[in-house]
Amino acid sequence: MTTLRLAIVGAGPAGIYAADIILKAERQFDVQIDLFEQLPAPYGLVRYGVAPDHPRIKGIINALRDVLDRGDIRIFGNVRYGVDISLDDLKKHYNAVIFSTGAIADADLDIPGIELEGSYGAADFVSWFDGHPDVPRTWPLDAHSIGVVGVGNVALDVSRMLAKHADDLLPTEIPENVYDVLKASPVTDVHIFGRRGPAQVKFSPLELRELGELRDVDMIVYDEDFDYDEASKTAIKTNKQVFVIDKVLNQWRQRETGSASRRLHLHFYAKPVRVEGADGRVTGFTYERTRPDGAGGVEGTGEMRTIPMQAIYRAVGYFGSPLDGIPFDEKRGVIPNHEGQVLDDDDQLVPGVYATGWIKRGPIGLIGHTKSDAMETVGHVLTDQASWWTPSEPSLESVNELLDSRGVKYTDLDGWHRLDEHEMALGEPQGRARVKVVPRDDMIQVSRGE
Ligand SMILES: Cc1cc2nc3c(=O)[nH]c(=O)nc-3n(C[C@H](O)[C@H](O)[C@H](O)COP(=O)(O)OP(=O)(O)OC[C@H]3O[C@@H](n4cnc5c(N)ncnc54)[C@H](O)[C@@H]3O)c2cc1C
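In this text, all values refer to a predicted model and were calculated from it rather than measured experimentally.

Enquirer: What is the right way to look at the overall build of the protein in this model?
Expert: Regarding its fold elements, the protein presents 16 helices and 18 strands. Considering only intrachain contacts with a sequence separation of at least 6, the fraction spanning at least 24 residues in the protein is 76%. With an accessible surface of roughly 19500 Å², the protein has 50% of that area assigned to carbon and sulfur atoms. For the protein, the centre of its 49 positive side-chain charges and the centre of its 71 negative side-chain charges are spaced 4 Å apart.

Enquirer: Sorry, what's going on with unusual backbone geometry here?
Expert: Phi is mostly negative for residues that are not glycine, and the peptide bonds are mostly trans. If you check the backbone angles, Tyr-43 has positive phi at about 90° while not being a glycine. Along the chain, Tyr-43 falls in the loop between strand S2 (30–37) and helix H2 (44–48). Taking relative accessible area as the criterion, Tyr-43 reaches 0% and is therefore assigned buried. Its identity is not glycine, yet Tyr-269 carries a phi of approximately 50°, on the positive side. In this structure, Tyr-269 sits in the loop between strand S10 (262–267) and strand S11 (270–278). You can call Tyr-269 buried: its relative accessible area is 3%.

Enquirer: What is the right way to read the site of the ligand from this model?
Expert: What surrounds the ligand is a group of 33 residues, the closest being Ala-14, Glu-37, Leu-45, Tyr-81 and Trp-358. Ser-100 is positioned with one of its backbone polar atoms (N or O) 3.5 Å from an oxygen atom of the ligand. Contact with the protein chains hides 93% of the accessible area of the ligand, taken as 1000 Å² for the molecule alone. Those elements giving two or more residues to the shell around the ligand turn out to be helix H1 (13–24), H2 and helix H7 (153–163). Of the residues assigned to the shell around the ligand, the class counts are 18 nonpolar, eleven polar and four charged.

Enquirer: Would you explain the packing of H1 against helix H13 (residues 369–383) in this entry?
Expert: A pair of packed helices is captured by two measures, namely the crossing angle of their axes and the spacing between those axes. Following both chains from N to C, one finds H1 and H13 inclined at 50°, their axes separated by 8 Å at the closest point. Accordingly, the angle class assigned to the pair H1 and H13 is oblique. Between H1 and H13 lies a crossing whose hand is right-handed. Here Pro-13, Ala-14, Tyr-17, Ala-18, Ile-21 and Ile-22 of H1 lie close against H13, whose contacting residues are Thr-370, Lys-371, Ala-374, Met-375, Val-378, Val-381 and Leu-382. A breakdown of the residues in the contact of H1 with H13 according to their chemical character gives eleven nonpolar, one polar and one charged.

Enquirer: Got a minute to help me understand the sheet that holds S11 in this structure?
Expert: Sheets are built from strands that pair by backbone hydrogen bonding, the pairs being arranged parallel or antiparallel. Taken together, three strands build an open sheet; the order of strands is S11-S12-S13 and the sheet is antiparallel. In this open sheet, the two strands that pair with only one neighbour each are S11 and strand S13 (298–308). With strand direction ignored, the average angle separating the axes of adjacent strands in the sheet is 25°.

Enquirer: Is there a simple way to explain the pairing of strand S1 (residues 3–9) in this structure?
Expert: Regular strands place side chains that alternate from one sheet face to the opposite one. Counting buried residues along S1, six of its seven residues qualify, which places the element largely inside the surrounding structure. Across seven bridges, S1 lies against S2 in parallel orientation. Counted as the bridge partner of Thr-3 is Asp-30 from S2. For the crossover that starts at S1, traverses H1 and ends in the parallel S2, the hand is right-handed. Two strands pair when backbone bridges link them, and S1 and strand S4 (residues 96–99) are joined in this way by four bridges, in the parallel orientation. Residue pairing across strands places Val-9 opposite Phe-99, the latter belonging to S4.

Enquirer: Just checking my understanding: could you explain helix H10 (residues 230–238) for this structure?
Expert: Structurally, the α-helix is built with 3.6 residues per turn, so residues lying three or four positions apart point the same way. Here H10 has its buried residues at Ser-232, Ala-235 and Ile-236. Around the axis of H10, the buried residues are gathered within 100° of arc, so they sit on the same side. Among the exposed residues of H10, those oriented more than 90 degrees off its buried face are Glu-230, Lys-237 and Thr-238. Buried-residue contacts for H10 involve helix H11 (240–254).

Enquirer: Looking at this structure, how should I read a negative patch on the surface?
Expert: Residues Glu-393, Glu-397, Glu-401 and Asp-404 make up a contiguous surface patch of negative charge. Considering the arrangement of structural elements, one finds Asp-404 in helix H14 (residues 396–405). Taking the relative accessible area as the measure of exposure, Asp-404 reaches 49% and is therefore partly exposed.

Enquirer: Can you help me understand the pattern of salt bridges in this one?
Expert: In total, this model carries 38 salt bridges according to the counting rule given. Lys-233 is the partner of Glu-230 in a salt bridge, and the nearest nitrogen-oxygen pair spans 3.6 Å. Of this pair, Glu-230 and Lys-233 are both found in helix H10, three residues apart, which corresponds to roughly one turn of the helix. Judged by its relative accessible area of 53%, Glu-230 falls in the exposed class. For Lys-233, a relative accessible area of 38% puts it in the partly exposed group. Notably, a salt bridge pairs Arg-434 with Glu-423, separated by 2.7 Å at the nearest N-O pair. Of this pair, Arg-434 sits in the loop between helix H15 (413–427) and helix H16 (440–447) while Glu-423 sits in helix H15, and the two are eleven residues apart along the sequence. Under the relative-accessibility criterion, Arg-434 is labelled buried at 11%. Assessed through its relative accessible area of 0%, Glu-423 is described here as buried.

The rules behind these values
Residues numbered from 1 in each chain as written. Predicted model: local features only at pLDDT ≥ 70, side-chain atom pairs only at ≥ 80, totals over all residues. Heavy atoms only, no water. Helix = DSSP H or I, 4+ residues; strand = E, 2+ residues; numbered from the N terminus. Contact = heavy atoms within 4.5 Å. Areas by Shrake-Rupley, 256 points an atom, 1.4 Å probe, with all protein chains shown as cover. Lys, Arg positive; Asp, Glu negative; His and termini not counted. Charge placed at Lys NZ, Arg CZ, Asp CG, Glu CD. Buried < 20%, exposed > 50% of the residue type's maximum accessible area, 1.4 Å probe, protein only. Near = heavy atom within 4 Å. Polar contact = N/O pair within 3.5 Å; in protein donor to acceptor, adjacent residues only side chain to side chain. Nonpolar A, V, L, I, M, F, W, Y, C, P; charged D, E, K, R; others polar. Axes fitted to C-alpha atoms, helices over the stretch in contact; angles between N-to-C directions. Parallel < 35°, antiparallel > 145°, perpendicular 65-115°, else oblique. Left-handed = near helix turned anticlockwise from the far one by under 90°. Pairing = 2+ DSSP bridges. Right-handed = clockwise from strand over helix to strand, strands pointing away. Arc of directions from axis to C-beta. Patch = residues over 30% accessible without salt bridge, like charges linked within 9 Å, V, L, I, M, F, W, Y side chains within 5 Å. Salt bridge = Lys/Arg side-chain N within 4 Å of Asp/Glu carboxyl O.

Right, here's the structure in full:
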């Protein structure tokens, strides 16, 4: 019987689901899986993207943990592909590799002034409030008025985290440094801007409704945005999600406002034009008022409006990062592939190399989608036996020896358990589920029991 020695790079949901699916699949051979993760903790954006006040979604970690705790997947944490381990190394020790490295960078928003001080990417802010070890511990939250460009769920997460009172985040797992900065925030107004109308936004209705439940935050919507064209009216009639979004927004139109200390404004039909600045710092945001074009899109009206503000966040999408020796589509920020089989510049299959999750299909979709995605990729891994690599050093120990010889301080499943328990113990005295350990060195130290 053959043994498939499989490396998976990236221990987010896509990588963990891929490992689970392949181990449970009907097959004619054994499988040994090593999961490489650049961080000392697994779960990718479920730990470092999903907002801390979404415990139900964070709870997906329990299902992922069950997969790892079965013990039939080896984890090598704190091992970065491209730095600690290369494609040549993988070829030496494995028959194939699946890349599930996700996306963590911000997509660009190409408008003048976007480079000013006080202009930030949503992904960086998310990494900060979720305690990602590779971003600075502090965040300059000194603005009274803040803009957020984008009409997806990340824009909602960012706006909510900016507008919510820090004490209402205390029951969550937010790290201490994040609480301290949010607590001191002088913010009074957060403005969300979307190019199109209320019937075209990509918010999920639940997340939108949640904004309206924030303590001491008024929701401000503007009557001029609700003059719907036929395409919008049809969308409201025929699409349940759009119907609920419209209902929520209209409820907010009827609400009394004026008593809250913070306000969250929703500006539709607002096309970003320019970030205004003085002395290198953000002072405002200019947008062009758009209007429905009758076909579900919008067109410019030529009317420019400027709102004074001291900070602007662009939440216009995430973007994948290229990996050493692996083809990369610079436009889409993904590894080019056919159903997860990686393609080279001539659209030819690259033997032994696969992709799944956000790095395969781009940064859209929920955690659940990474499961169906993984099924497709795994299907090909299992049937591509003829093109697998032939490793010269296929033993389990050879991988540990390689990392040891390079002085890589890798962590394993037991190490993750140690860190997990440590974080939960930190939270216990305060009645919190956990308090995240943020500095990478501390995470490694706890994991390795040093
Ligand atoms: C702000 C935000 C909020 C979200 N909220 C929700 C939500 O509420 N509900 C929902 O269903 N979905 C939500 N999502 C979407 C969800 O997080 C993604 O669908 C999912 O995490 C994608 O999984 P992935 O495994 O492809 O990528 P990731 O989760 O990004 O995992 C990739 C892993 O690869 C590792 N990695 C990267 N490069 C390397 C390397 N060179 N070497 C080794 N390891 C590497 C990373 O450290 C990471 O652990 C949210 C996403 C974001 C950004």
